[in-house]
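# Breakdown of the fold
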Amino acid sequence: MKLIGLDPGLGCTGWGVIAAKGSSLSHIANGQIRTDAKAPMAERLAALAAGLRAVLAEHAPDDAGIEEVFVNTNAQSTLKLGQARGALMLVLADAGVPVGEYAARFVKKAVVGTGGADKRQIHAMVSVLLPGAKIAGADAADALAVAITHAHHRASAKVVGAAA
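Quick summary incoming for the structure in this document. (Residues numbered from 1 in each chain as written. Predicted model: local features only at pLDDT ≥ 70, side-chain atom pairs only at ≥ 80, totals over all residues. Heavy atoms only, no water.)

The subject of this paragraph is the pairing of strand S4 (residues 63–67). Of all the five residues making up S4, five are buried; the element is thus mostly covered by neighbouring parts of the structure. Across the two faces of S4 the burial is the same, with Asp63, Gly65 and Glu67 and Ala64 and Ile66 all buried. With four bridges joining them, strand S1 (residues 2–7) and S4 adopt parallel strand pairing. What sits directly across from Ile4, in S4, is Ala64. Examined bridge by bridge, S4 and strand S5 (residues 99–102) share four bridges and lie parallel to one another. (Buried < 20%, exposed > 50% of the residue type's maximum accessible area, 1.4 Å probe, protein only. Helix = DSSP H or I, 4+ residues; strand = E, 2+ residues; numbered from the N terminus. Pairing = 2+ DSSP bridges.)

Looking at the secondary structure, you find Asp7 in strand S1. Lys119 is the oppositely charged side chain nearest to the buried, salt-bridge-free Asp7, at an N-O distance of 4.3 Å. Apart from the residues lying within four places of it in its own chain, the contact partners of Asp7 are Cys12, Thr13, Gly14, Glu67, Lys119, Asp139, Asp142 and Ala143. (Lys, Arg positive; Asp, Glu negative; His and termini not counted. Salt bridge = Lys/Arg side-chain N within 4 Å of Asp/Glu carboxyl O. Contact = heavy atoms within 4.5 Å.)

As a further point, take the packing of aromatic side chains. Considering all chains together, one arrives at one aromatic pair under this definition. When the ring of Tyr102 is compared with that of Phe106, the centres are 5.9 Å apart and the planes differ by 10°; the resulting orientation is stacked. Accessibility expressed as a relative area gives 5% for Tyr102, which makes it buried. (Phe/Tyr/Trp six-rings, centres within 6.5 Å; stacked < 30°, edge-to-face > 60°.)

Moving on, we get to the pairing of S1. Put simply, side chains in a regular strand alternate between the two faces of the sheet. In terms of residue burial, S1 counts as a mostly covered element, since five of its six residues are buried. Note: S1 against strand S2 (residues 12–21), six bridges, orientation antiparallel. Counted as the bridge partner of Leu6 is Trp15 from S2. Hairpin connection of S1 to S2: four residues between the antiparallel strands.

Looking now at the sheet that holds strand S3 (residues 24–34). Strands sit in the order S3-S2-S1-S4-S5 across an open sheet of five strands; the sheet is mixed. The strands lining the two open edges of the sheet, one partner per strand, are S3 and S5. The average undirected angle you get between the axes of adjacent strands in this sheet is 20°. Packing of helix H1 (residues 41–59) onto the sheet brings it into contact with S1, S2 and S3, and relative to S3 it is tilted by some 150°. (Axes fitted to C-alpha atoms, helices over the stretch in contact; angles between N-to-C directions.)

Right, let's get into helix H2 (residues 75–94). With 20 residues, H2 extends 28 Å between its outermost C-alpha atoms, agreeing within 8% with the 28 Å of an ideal straight helix rising 1.5 Å per residue. Restricting attention to buried positions, one finds in H2 the residues Thr78, Leu81, Ala84, Arg85, Ala87, Leu88, Val91 and Leu92. For H2, the secondary structure elements touched by its buried residues are S1, S2, H1, S4 and S5. Backbone geometry just downstream of H2 places Gly96 in the positive-phi region, at approximately 75°. (Expected span 1.5 Å × (residues − 1).)

Here you go:
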């Protein structure tokens, strides 16, 4: 099964595609979708949507995981992040890709072992879990961490469902 993870951001959205077969995970691709900070909001959201559509067309994931919005001290930043996340979720829904949502602390705990992990620790652990992956940057590493979390969550749900 192919899974895509997304680390939403208005300026830069990280994405990562992995393959999950049982408990085995392998890296397929990762990258970043960037927008022009000087462009109007609608154009930036359209750029995110177009970028994600291109990734979906190239990699055809079966399922997706996306990081939830966290509340910043700056309400405007939180709102902009929510708008970027909404645009990405709409593209996934339009493509018929089911979406799992994960809090940032949950992703950090699932991948690193502590909910307070920093970006350097996430990048290092993703590199261990997906050996040989050339990671496009911190946002792509976070997105791969979301994909890994989603893969583990799906595997756990299947085990629980089979036991019921």
